[in-house]
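Observations on chain architecture
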Amino acid sequence: MQTAHEFFIHELNEILDVEQRLVEALGELEAQSTRPELKKAFAAHRQQTEKHEERVRQIFEELEETPEQTECKGIKGLIEEAHAFMEETPSEDLLDVFNIGAASKSESYEICAYKSLVQLATDMGHRKAVQLLKQNLREEEQTLKKMETFSKKIKPEQSGMEEEEKQPARRRTRRSKAA
Ligand SMILES: [Fe+2]
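Quick caveat, the model's predicted, so the values are computed rather than measured.

The next thing to look at is the overall build of the protein. Within the protein, the regular secondary structure consists of 7 helices and 0 strands. Walking the protein from its N terminus toward its C terminus, one meets helices and strands in the order α-α-α-α-α-α-α. Counting only residues that meet the buried cut, the protein has 27% of its 179 residues in that class.

Printed below as a string of structure tokens:
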């Protein structure tokens, strides 16, 4: 690889692989989650991810390039991490909490990837690509915010977080006495 164009195409192939893998992974998250609002969010997110894939394909068309099958090791690792967690036979309650975290991690990964792509496309003067990439970036950022709202609301049943938030010092003392 020698040119900026080749590098841009490489990075586009990577993000295309990310989106494709996430369409499948979000289907799994939807099926595994027990809280209806979470199921709904993952289903919506899956549909949005299909749109992201389409937009990336549109960029390839704009550039008169053909996508090539690539394996994005970063997102593959995050998906493997989620599969490994399933082997710990988590309770339904904990699985919901884990899934929110897993989705947030993948969103953060995508946000960084899209920011780099937007910069590259801007530098190279690919205006249509910049527009499409920014659309995806904006939606990823919105989804991450949604996940952050969920993680404030959905907590492990026995975490005792609410009490701890109110009286952190007293609670900690009580715990150390018990131990
Ligand atoms: Fe996406």
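Here we come to the environment of His10. Looking at the secondary structure, you find His10 in helix H1 (residues 4-32). Judged by the 12 C-beta atoms lying within 10 Å of it, His10 is exposed. Spatially, the C-alpha atoms of His10 and Thr70 are 8.6 Å apart, while their sequence positions differ by 60 residues.

As a further point, take helix H3 (residues 73-86). The end-to-end C-alpha distance of H3 is 20 Å, a good match for the 20 Å that 14 residues give at a rise of 1.5 Å each. Along H3, the residues classified as buried are Ile75, Leu78 and Ala82. Projected down its long axis, H3 shows its buried positions confined to an angular sector of 60°, all on one face. Opposite the buried face of H3, at more than 90 degrees from it, the exposed residues are Lys73, Gly77, Glu80, His83 and Ala84. Buried residues in H3 make contact with H1 and helix H4 (92-124).

Parameters and conventions
- Residues numbered from 1 in each chain as written.
- Predicted model: local features only at pLDDT ≥ 70, side-chain atom pairs only at ≥ 80, totals over all residues.
- Helix = DSSP H or I, 4+ residues; strand = E, 2+ residues; numbered from the N terminus.
- Buried ≥ 20, exposed ≤ 12 C-beta atoms within 10 Å, placed from the backbone.
- Expected span 1.5 Å × (residues − 1).
- Arc of directions from axis to C-beta.
- Contact = placed C-beta atoms within 7 Å.

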